[in-house]
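The primary structure of each chain is shown beneath.
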Amino acid sequence: TLTEPDGSFYFDELIPQIYRVYARGDAGAAGPLSFQLTERTEPITLVLQAGGELVFWVKTTDGAPVANATVSLSAYEALLSADSPAFEIAALTDATGQAMFSRLPHVAMRYTVSAEGYASSGFEFTRVPALRHEIDVVIDRAALVHGLVLQADDVPVADACVRRFTDVPCQATTDAAG
């Protein structure tokens, strides 16, 4: 939602639970801020501070820029579920392989880079710096990984979830042949 000329904002028709809010404006960023919504929740105030700026340079292993790669940033709050981001934003790289984010809150972030035909890349850093910070990301051509899931007696296992260690959702499900 956008703020009114007096800086006020509101969300309506919410149920009592924990919410996270953040704000970005020309003057910077605020939050994310967590609060428990109840019938008596007081108004919250978000104070913008100069936000950090991250510039990503996405290249192939031979140094060529990767255009149209998706660079995603997510911030996670330690006291809440690691699967529930408090802040998410994404951008596409330009012809030079650059994606830039500004007015970012000064919190721990995780970034991921994905591009058609390339393996995804990601990293976590402890806090967005107050000033401009440049990050070089090298991605490699994607490769196919396949195999079987078997029981100890070599019987194929159907409907087993197979995932990489870095993935949260199931990436592949086996069929009757394992």
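Comments concerning the overall build of the chain
Moving on, step 1. Looking only at helices and strands, the chain has 0 helices and 11 strands in total.
Moving on, step 2. Counting only contacts in the chain whose residues sit at least 6 apart along the sequence, the fraction spanning at least 24 positions is 50%.
Moving on, step 3. With an accessible surface of roughly 12,100 Å², the chain has 54% of that area assigned to carbon and sulfur atoms.

Topic: the sheet that holds strand E3 (residues 52-60)
Sheet strands associate in pairs through backbone hydrogen bonding, adopting either a parallel or an antiparallel arrangement.
Moving on, step 1. One open sheet accounts for 3 strands, arranged E6-E3-E9; its pairing is mixed. Here the strands that pair on one side only, and so sit at the sheet edges, are strand E6 (98-104) and strand E9 (132-139). When the angles between neighbouring strand axes are averaged without regard to direction, this sheet yields 20°.

Brief notes about the packing of aromatic side chains
Moving on, step 1. Inspection of every chain in the model, using the stated rule, returns 4 aromatic pairs.
Moving on, step 2. Taking 6.1 Å as the distance between ring centres and 70° as the angle between the ring planes, the aromatic pair formed by Phe 9 and Phe 11 counts as edge-to-face.
Moving on, step 3. A relative accessible area of 45% means that Phe 11 is categorised as partly exposed.
Moving on, step 4. Connected via pairs of aromatic rings, a cluster forms that spans Phe 56, Phe 101 and Tyr 111.

As for the pattern of salt bridges
Two side chains of opposite charge can pair, provided their charged atoms sit close to one another.
Moving on, step 1. Counted according to the given criterion, the structure contains 2 salt bridges.
Moving on, step 2. Notably, a salt bridge pairs Arg 132 with Glu 53, separated by 2.9 Å at the nearest N-O pair. Of the two residues, Arg 132 is situated in strand E9 and Glu 53 in strand E3; the sequence distance between them amounts to 79 residues.
Moving on, step 3. On the accessibility criterion, Arg 132 (44% relative accessible area) is partly exposed.
Moving on, step 4. Residue Glu 134 pairs with Arg 132 through a salt bridge whose shortest N-O separation is 3.2 Å.
Moving on, step 5. The exposure class of Glu 134 is partly exposed, given its relative accessible area of 44%.

With respect to unusual backbone geometry
Moving on, step 1. For Arg 103, which is not glycine, the phi torsion reads 55° and is therefore positive.
Moving on, step 2. Its location among the elements puts Arg 103 in strand E6.
Moving on, step 3. On the accessibility criterion, Arg 103 (29% relative accessible area) is partly exposed.
Moving on, step 4. In the Ramachandran plot, Asp 154 falls in the positive-phi region, its phi being about 65° despite a non-glycine side chain.
Moving on, step 5. Its location among the elements puts Asp 154 in the loop between E9 and strand E10 (161-162).
Moving on, step 6. Judged by relative accessible area, which is 57%, Asp 154 ranks as exposed.

Considerations on the side chain of Thr 60
Moving on, step 1. Following the sequence through the fold, Thr 60 ends up in strand E3.
Moving on, step 2. Excluding residues within four positions of it along the chain, Thr 60 makes contact with Val 66, Tyr 118, Val 138 and Ile 139.

A word on the pairing of strand E1 (residues 18-25)
Moving on, step 1. Relative to strand E2 (residues 28-36), E1 runs antiparallel, the two being bridged by 7 bridges. Along E2, the bridge assignment pairs Arg 20 with Ser 34.

Regarding the nonpolar core
Moving on, step 1. Of all hydrophobic cores here, the largest spans 19 residues; its most connected members are Phe 56, Val 58, Leu 73, Val 113, Val 137 and Ile 139.
Moving on, step 2. For this core, the elements supplying multiple residues, two or more each, are E3, strand E4 (70-75), E6, strand E7 (109-114) and E9.
Moving on, step 3. Among all residues touching Ile 139, those that are not within four sequence positions of it are Val 58, Lys 59, Thr 60, Thr 61, Val 66, Val 113, Ala 115, Tyr 118, Ala 119 and Ser 121.

Remarks on the pairing of E3
Moving on, step 1. Note that E3 and E6 share 5 bridges and pair antiparallel. In the strand pairing of E6, Gly 52 is matched with Leu 104.

Thresholds, definitions, all that
Residues numbered from 1 in each chain as written. Predicted model: local features only at pLDDT ≥ 70, side-chain atom pairs only at ≥ 80, totals over all residues. Heavy atoms only, no water. Helix = DSSP H or I, 4+ residues; strand = E, 2+ residues; numbered from the N terminus. Contact = heavy atoms within 4.5 Å. Areas by Shrake-Rupley, 256 points an atom, 1.4 Å probe, with all protein chains shown as cover. Pairing = 2+ DSSP bridges. Axes fitted to C-alpha atoms, helices over the stretch in contact; angles between N-to-C directions. Phe/Tyr/Trp six-rings, centres within 6.5 Å; stacked < 30°, edge-to-face > 60°. Buried < 20%, exposed > 50% of the residue type's maximum accessible area, 1.4 Å probe, protein only. Salt bridge = Lys/Arg side-chain N within 4 Å of Asp/Glu carboxyl O. Core = buried A, V, L, I, M, F, W, Y, C linked by side-chain atoms within 4.5 Å.

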